[in-house]
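Chain residues, written in single-letter form:
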Amino acid sequence: MRSLRAVVVCALSVWTGLGGLVVPDAAAQSCVAVTTYHNDNLRTGQNLSETVLTPANVGTMTQLFATTPVFDGWAVAQPLYLPQTPINGGVHNVIFVATLANSVYAFDSDHGTQYWHVVYGPPDTYGYQKTGGCTDSGFSMNPSGGAGIVGTPVIDTSVSPPVMYFVTKELNYINLQNVHQLKLHAVDTSTGSELTTPIVLAGSVVNHSGKTVTFAAEYQMSRPAMLLSNGTIYVGIGSTGCREFPNYGWVMSYTYSATSGFTQQAVFNTSPDLTNNPKGPYANGGVWQAGGGLAADASGNVYFETADANNFFNNPAGWQGTDFGDSIVKLTPALGPPASSASYFTPYNDRTLYSTDLDLGSTGPVLLPDQPGLHTHILVGYDKSENIYVVDRDNMGGYTGPNGPNNIIQDVLNPTASHCSTPVQFTACANQSGTCGWSAPVYWNNNLYFTSNPGPLMAYSWTPGSATPLATCPTIESGFASGAYRAAASPSISANGATNGLLWVVTWPNTRMGTLRAFDATNLANELFEASLSGVGGYPSPTIANGIVYVETKGRLYAFGIKKSSGCRTKAASVTSPLDPLGDDAPPATGKPSR
């Protein structure tokens, strides 16, 4: 299967599903497709084929549209983009948005016209507050009242028309009772029609003591972005936000064909030996990553981070290498039983992470391109305490605790520690004793970029081939000391190869009214653009494609660009149609001159 960051050379013949060719206004333009979270399976977050937006002109961007009417539920998944795709009887550039109401919208990405909107089952509105007081993290406050599509879908462009895969959470009335279900769907992107009967996620594993651990959808949610790797679909699953109830981390894999629909390939459980005790704690070890995606390398190995789990609880033999709370886990493509396919890294202080709720799994890993020197294959992980872990993917390091040190390439301590001298005081973050790393890092041109909550945007330089490749202290954005925002989502990068790098990020204060911001990726002191948004419902990562930046909020999709400068226009898509460009809750963009 082709790379998930597909680049279509528009001057060549492009499939349309209609037997015709698409010729753009200018020859040899690159039409970028964003078909998965953070652009690629490494989760680098970078679009390296952006030829329109540059640090010199980004300050002239304006808001192109904000979709209406308001969505039926909050949008928390990253928007996905297909250029020159068959839809509505023609060929158009299309942007897709999924919501917590179990629905997907398809819009014209150039002017915001809605092509289709389909609801794929009743959202699960039950189970967000149980005896014991545990509540989900705010999803119940959205208009649909519960969880629907939470994780970012993935689009398969190896078939025509492309197929979109996603997981819904549903509450269905079956045999006179309410039944909680997670379902995997395959949808025709041209119409929104289901291509096969959705498959209900199910599975079980047998632990080392012979107990069968069975998946229970009521207590579980598929929050991570979907992964499509070498034709196999991977689904990551964690809790609904509650420690108090029986839940686990699960990874399930499926294949899809037009003739036979979905076929389950394997089921993996992150903590099967942690038998549930009626008084708790439960197994946990969920895969949630604040919506970050499961990652995969060129060989199809799958990587993810897990939430808290008491790895020694009810496990008298001690650490067995089969229970993965607060861990970075690598699985072979076949998944399989824990002992047969998993390698891992667990910090030596995992007991502290567990007891203080400092999940390592609060973010997802980023896999770096192949490196020179002793460590060719590297990943970078990040956790709530803002510690950064540089791990050799071929030797994950295992567990060395409880006294350590970690057996990895490099530990980089959180920047609130006194060893980092910066003009910004991380007072709010320090007062929380960490709990600041909530969004996955991104990579570009030998730099890794992180957000902190609350705290500034940070850039750590990377030295390929070095024994300690990651800088121990970051450079940071200017102006954060003003306290203009409280939280930030995972950033995105647009660049033309190694030049014209722009770092895009959405930030918000306690009111959750968002702001889209752009920085010179080579100098975070140079903020180039700001635009106000309506309220955000999750951790929105901007999608940048062909000269336009897309951001979803609770109720709308916003698009920003330089008018008449889209890098992927067909004759059919060159029409402009003003579509409520601002709205009552959408002040105009404010471009900042390049400095």
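The coordinates are above.
This one's a predicted model, so the numbers in the text were calculated from it and none came from an experiment. Numbers given to residues run from 1 along each chain, matching the order in which its sequence is written. Reporting in this predicted model follows two pLDDT cut-offs: at least 70 for local features of residues, and 80 or more for side-chain atom pairs to be given and counted; totals over whole chains, interfaces and linings ignore these cut-offs and use all residues. Only hydrogens and water are set aside when side-chain values are computed; all heavy atoms of the structure are taken into account.

K.L.:
Would you mind going over unusual backbone geometry with me for this structure?
P.N.:
Following threonine 68, the chain continues into proline 69 via a peptide bond in cis, with omega recorded as -5°. Put simply, DSSP H or I for four residues or longer makes a helix, DSSP E for two residues or longer makes a strand, and each gets a number counted from the N terminus. The residue proline 69 is located in the loop between strand 4 (62–66) and strand 5 (80–87) in this model. Serine 160 connects to proline 161 through a cis peptide bond whose omega is -10°. Looking at the secondary structure, you find proline 161 in the loop between strand 9 (154–156) and strand 10 (163–174). One non-glycine residue, leucine 176, lies in positive phi territory at about 65°. Here leucine 176 shows up in the loop between strand 10 and strand 11 (177–188). Exposure remark for leucine 176: the relative accessible area of 73% places this residue in the exposed category. The residue asparagine 446 is not glycine, and still its phi comes out positive at about 65°. In this structure, asparagine 446 sits in the loop between strand 29 (442–444) and strand 30 (447–450). Only protein chains enter the area calculation, which uses a 1.4 Å probe; residues under 20% of their type maximum are buried, those over 50% are exposed, and those in between are partly exposed.

K.L.:
What should I look at first to understand the environment of glycine 59 in this one?
P.N.:
By the element assignment, glycine 59 lies in the loop between strand 3 (46–47) and strand 4. A sequence separation of 502 residues divides glycine 59 from glycine 561, and the C-alpha atoms of the two residues are 9.8 Å apart.

K.L.:
Any chance you could explain the sheet that holds strand 4 here in plain terms?
P.N.:
Within a beta sheet, neighbouring strands are joined by backbone hydrogen bonds and run either parallel or antiparallel to one another. If you walk across this open sheet you meet the four strands as 4-40-39-38, and the pairing is antiparallel. Unpaired on one side and paired on the other, strand 4 and strand 38 (543–545) mark the two borders of the sheet. Between one strand axis and the next, the sheet turns through 25° on average, direction left out of account. Summarising the sheet, strand 39 (residues 548–552) and strand 40 (residues 557–561) pair through five bridges and their orientation is antiparallel. Opposite tyrosine 550, over in strand 40, you have alanine 559 as the bridge partner. A pair of strands is treated as paired once DSSP finds two or more bridges between them. Axes here mean lines fitted to C-alpha atoms, for a helix over just the part in contact, with angles spanning 0 to 180 degrees between N-to-C directions.

K.L.:
What am I meant to see in the nonpolar core here?
P.N.:
Grouped burial of nonpolar side chains is what soluble globular proteins tend to show. Formed by 24 residues in total, the largest nonpolar core has its most connected members in Tyr165, Leu184, Leu201 and Trp250. Among the elements of the structure, strand 10, strand 11, strand 17 (232–239), strand 18 (250–257) and strand 19 (261–269) are those that each provide at least two residues to this core. Here this core gets four residues from one element, more than from any other, and that element is strand 18. Contact between two residues is taken to exist if any of their heavy atoms lie within 4.5 Å; hydrogens are not considered. If we ignore the near neighbours within four places in the chain, the residues touching leucine 184 are Tyr165, Phe166, Val167, Pro198, Ile199, Leu201, Met226, Ile233, Tyr254 and Phe262. The nonpolar core is taken to be a set of buried Ala, Val, Leu, Ile, Met, Phe, Trp, Tyr and Cys residues, with the residues joined through side-chain atoms within 4.5 Å. Leu53, Val506, Ile544 and Ile562 belong to the second largest nonpolar core, which has 23 residues in total.

K.L.:
Is there a simple way to think about the state of the cysteines in this case?
P.N.:
One covalent bond between the sulfur atoms of two cysteine residues makes up a disulfide. By convention in this document, the label disulfide applies to cysteine sulfur atom pairs within 2.5 Å. Evaluation of the coordinates by the stated rule reveals one disulfide. Put simply, cysteine 31 and cysteine 568 are joined by a disulfide, and their sulfur atoms are 2.5 Å apart. Disulfide cysteine 31-cysteine 568: the torsion about the S-S bond is 100°, which places it as right-handed. Taken together, the residues cysteine 31 in strand 2 (residues 30–32) and cysteine 568 in the loop between strand 40 and strand 41 (589–591) connect sequence positions 537 residues apart. What makes cysteine 568 buried here is its relative accessible area of 0%.

K.L.:
It is not clear to me how the sheet that holds strand 25 (residues 378–382) should be interpreted in this structure. Could you clarify?
P.N.:
One open sheet holds the four strands; their spatial order is 24-25-26-28, and the pairing between them is antiparallel. The sheet is open, and its two borders are formed by strand 24 (366–367) and strand 28 (410–412), each paired with just one other strand. The pairing of strand 26 (residues 388–392) with strand 28 spans three bridges and is classified as antiparallel. Bridge assignment links valine 390 to a residue of strand 28, and that residue is glutamine 410.

K.L.:
Is there a simple way to explain the pairing of strand 18 in this structure?
P.N.:
Remark: a regular strand shows side chains that alternate across the two faces of the sheet. Within strand 18, six of the eight residues are buried, leaving the element largely enclosed by the surrounding structure. Strand direction decides the pairing type here: strand 17 and strand 18, joined by five bridges, are antiparallel. When the bridges of strand 18 are listed, isoleucine 237 appears paired with tryptophan 250. Strand direction decides the pairing type here: strand 18 and strand 19, joined by eight bridges, are antiparallel. By the bridge assignment for strand 19, tryptophan 250 is matched with asparagine 269.

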